[in-house]
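Fold and geometry: a report
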Amino acid sequence: MVKFMSYEDSYFDICKDTDGGTIIYGIGTYGKRIFPYLKNVSYICDKRATELREWNGVSIILPEELITIKEPMLIVLCVKSEAARNEMKSTLLELQINAFVFDYFDNRAFDCYKNKTLDVYEVNKRIRYVHIICEDRGWILNKFAMRMSEELKKKGIHCSISEAVDPRADINHHVIYASCEPMFPDYYETFMITHIDSYNKLEYLKHQLKKAKMGICMSRETMEKLAGYGVPREKLCYINPAQDSVLKPKKYVLGITHKVHDQDHRKNEEVLVELCKALNPEYFSFKIMGSGWGDIVASVRIMGFQVEYYDEFDYEEYVRLIPSLDYYLFWGFDEGSMGYLDALRAGVETIVTPQGYHLDVKGGITYACRTIPEFIDVLISLQGKREKLVKSVEEWTWKNFTDKHLEVWNYLLGNEEELFKNQHMYEDGIFSVLRLQA
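The following paragraphs examine the structure supplied in this document. (Residues numbered from 1 in each chain as written. Predicted model: local features only at pLDDT ≥ 70, side-chain atom pairs only at ≥ 80, totals over all residues. Heavy atoms only, no water.)

1. What to know about helix H7 (residues 199-208)
Among the residues of H7, those classed as buried are Leu 202, Leu 205 and Gln 208. Projected down its long axis, H7 carries its buried residues within an arc of 125°, all on one side. Of the exposed residues in H7, those oriented more than 90 degrees away from the buried face are Tyr 199 and Asn 200. The inward-facing, buried residues of H7 contact strand E11 (189-193) and helix H8 (220-228). (Buried < 20%, exposed > 50% of the residue type's maximum accessible area, 1.4 Å probe, protein only. Helix = DSSP H or I, 4+ residues; strand = E, 2+ residues; numbered from the N terminus. Arc of directions from axis to C-beta. Contact = heavy atoms within 4.5 Å.)

2. Section: the pairing of strand E7 (residues 99-103)
Each regular strand shows side chains that alternate between the opposite faces of the sheet. Of all five residues in E7, four are buried, a share of seventy percent or more. Bridge analysis of strand E1 (residues 2-4) against E7 gives three bridges, and the strand direction is parallel. Opposite Val 2, over in E7, you have Ala 99 as the bridge partner. Bridge count between strand E6 (residues 73-77) and E7: five bridges; the pairing is parallel. Bridging from a neighbouring strand, Leu 77 pairs with Asp 103 of E7. With respect to chirality, the unit in which E6 leads through helix H4 (residues 82-94) into the neighbouring parallel E7 is right-handed. (Pairing = 2+ DSSP bridges. Right-handed = clockwise from strand over helix to strand, strands pointing away.)

3. A short note on the sheet that holds E11
Strand order in the open sheet made by the six strands is E9-E8-E10-E11-E12-E13, with parallel pairing throughout. The open sheet has two edge strands with one neighbour each: strand E9 (158-162) and strand E13 (236-238). On average, each strand axis in the sheet is tilted by 25° relative to the strand beside it, whichever way the strands run. Examined bridge by bridge, strand E8 (residues 129-133) and E9 share five bridges and lie parallel to one another. Residue pairing in the sheet places Tyr 129 in a bridge with His 158 of E9. Sitting on the sheet, H8 touches E11, strand E12 (214-217) and E13, and the angle it makes with E13 is about 165°. The strands that helix H14 (residues 398-412) touches are E8, strand E10 (171-174), E11, E12 and E13; relative to E12, the one it contacts most, it runs at about 160°. (Axes fitted to C-alpha atoms, helices over the stretch in contact; angles between N-to-C directions.)

4. Notes on the side chain of Thr 353
Considering the arrangement of structural elements, one finds Thr 353 in the loop between strand E18 (349-352) and strand E19 (367-368). The buried category is assigned to Thr 353, whose relative accessible area is 0%. Apart from the residues lying within four places of it in its own chain, the contact partners of Thr 353 are Phe 330, Trp 331, Gly 332, Phe 333, His 358, Ile 365, Cys 369 and Phe 375.

5. Notes on a negative patch on the surface
Where like charges cluster on the molecular surface, the negative patch consists of Asp 311, Glu 312, Asp 314 and Glu 316. In this fold, Glu 312 is placed in the loop between strand E16 (306-310) and helix H11 (315-321). Given a relative accessible area of 61%, Glu 312 falls into the exposed group. (Patch = residues over 30% accessible without salt bridge, like charges linked within 9 Å, V, L, I, M, F, W, Y side chains within 5 Å. Areas by Shrake-Rupley, 256 points an atom, 1.4 Å probe, with all protein chains shown as cover. Salt bridge = Lys/Arg side-chain N within 4 Å of Asp/Glu carboxyl O. Lys, Arg positive; Asp, Glu negative; His and termini not counted. Charge placed at Lys NZ, Arg CZ, Asp CG, Glu CD.)

6. Topic: the sheet that holds strand E17 (residues 327-330)
Taken together, the six strands give an open sheet; going across it, the order is E16-E15-E14-E17-E18-E19, and neighbouring strands pair in parallel fashion. Two strands close off the open sheet at either side, each with one partner strand: E16 and E19. For E18 and E19, the ladder comprises two bridges, and the chain directions are parallel. The partner of Val 352 across the bridge, within E19, is Ala 368.

7. Brief notes about the packing of helix H9 (residues 271-278) against helix H10 (residues 294-302)
Each pair of packed helices can be described by the angle between their axes along with the distance between the axes. The N-to-C vectors of H9 and H10 enclose an angle of 5°; their axes lie 10 Å apart at closest approach. Taken together, the axis directions place H9 and H10 in an arrangement best described as roughly parallel. Across the interface between the two elements, Leu 272, Val 273 and Cys 276 from H9 touch Ile 296, Ser 299 and Val 300 from H10. Broken down by class, the residue content of the contact of H9 with H10 amounts to five nonpolar, one polar and no charged. (Parallel < 35°, antiparallel > 145°, perpendicular 65-115°, else oblique. Nonpolar A, V, L, I, M, F, W, Y, C, P; charged D, E, K, R; others polar.)

8. Focus: the pairing of strand E5 (residues 58-61)
When strand E3 (residues 41-45) meets E5, the two strands line up parallel, connected through two bridges. Bridged to Ile 44 within E5 is Ile 60. Where strand E4 (residues 54-55) and E5 come together, two bridges link them in antiparallel fashion. Within E5, the position partnered with Trp 55 by the bridge is Val 58. Connecting the antiparallel pair E4 and E5 is a turn made up of two residues, with Asn 56 showing a positive phi of about 55°.

9. Looking at the packing of helix H6 (residues 140-154) against H14
It is at 9 Å that the axes of H6 and H14 come closest, and there the two elements cross at 75°. Between H6 and H14, the interaxial angle falls into the category roughly perpendicular. In this structure, H6 uses Lys 143, Phe 144, Arg 147, Met 148, Glu 151 and Leu 152 to contact H14, whose residues at the interface are Trp 398, Lys 399, Phe 401, Thr 402, His 405, Leu 406 and Trp 409. Looking at the contact of H6 with H14, its residues break down into seven nonpolar, two polar and four charged.

10. Some remarks on the side chain of Thr 190
Relative to the elements of secondary structure, Thr 190 occurs in strand E11. The class for Thr 190 is buried, based on a relative accessible area of 0%. At 2.8 Å, the side chain of Thr 190 forms a polar contact with the side chain of His 173. In this view, Thr 190 contacts Ile 171, Asn 172, His 173, His 174, Lys 213, Met 214, Ile 216, Trp 409 and Leu 412; residues no more than four positions away in its chain are not counted. (Polar contact = N/O pair within 3.5 Å; in protein donor to acceptor, adjacent residues only side chain to side chain.)

Here it is as structure tokens:
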């Protein structure tokens, strides 16, 4: 019976409980390098046995000669090429022998240093099929799976979603780490990391990353924290999550509650048109109550602004309207606006002229403006604050989220030409893999 030992099955621990001798399979550089450390080496096995026959006092035999050894054997595979080691394993399976087989390059007893950066370039395989593992059919995690699938398909990459890995896929990506139980490194499994909030979860994560290719955090902070807790840094990166890009910015609601005086135009109603020429209708809307605004409201609506207009005073509607405002607006210079007092009572901030009884309310004026440019400056400033919020996640789209995953996956598969095309565009994704950030 041939038993292939896992990474965790330490050669030295099993030696203590086994009477059989050790056989080095492969008399190249690594076989010679490990020889002094092994216990009771009885034979060396190599295809070149007919040429060499003996090394360092130990007989060299052909693989097929192993069947002549009746006692249990500990066989250590000592060839660097993974393909060659797999061929060795196939040969051993065909023999009628009693052996425990250890992989020098994948056994904790030998603790071989593996250059992770170089190893990833050995595959060089174009991504054609990504399989997403998602056990949760709830809102958030399922949305991650669905949005990524949609974006991958737009790129012509076949994508499927299920509750288990697909060995046929180039990449198996787990929406959340909890579903990842990696058995074979050849499956190229990656997973998203979030909510690591206990020691058990941390240890589970370390266990998973022994065979999984990459843990993808949602933030730089989490990535660095996990690295500090002993999770292998070379197997960590971060990709910021995405938003759906369907929500429109919340508009500032500006309120005006006085009528137009056709005789003397004391309220300077035409100012509204001048203000709107400077503003983006994506960020402002108006609620106006008062007669005579019809033509101006029509002009403002043509400019793209949303206007809720009441051409007659309605007290009940007025009482509902005032608290719904973000700012009360008044640019007249005729002692003051009674709506200003009601706005303050409702806790609404004000953009008004500093005159009349406006000044007698201590702290009542939020923004004091005397000229049209001053009103425009205040409103442009407010617009800028909201634009800054909107633009802060402008690039956090599902397309970019998925593209960053593709860059990391290409890195894992050895597609080097894909690695640097977006250099200096962002810090997460592949650039959190290639650079250890302070």
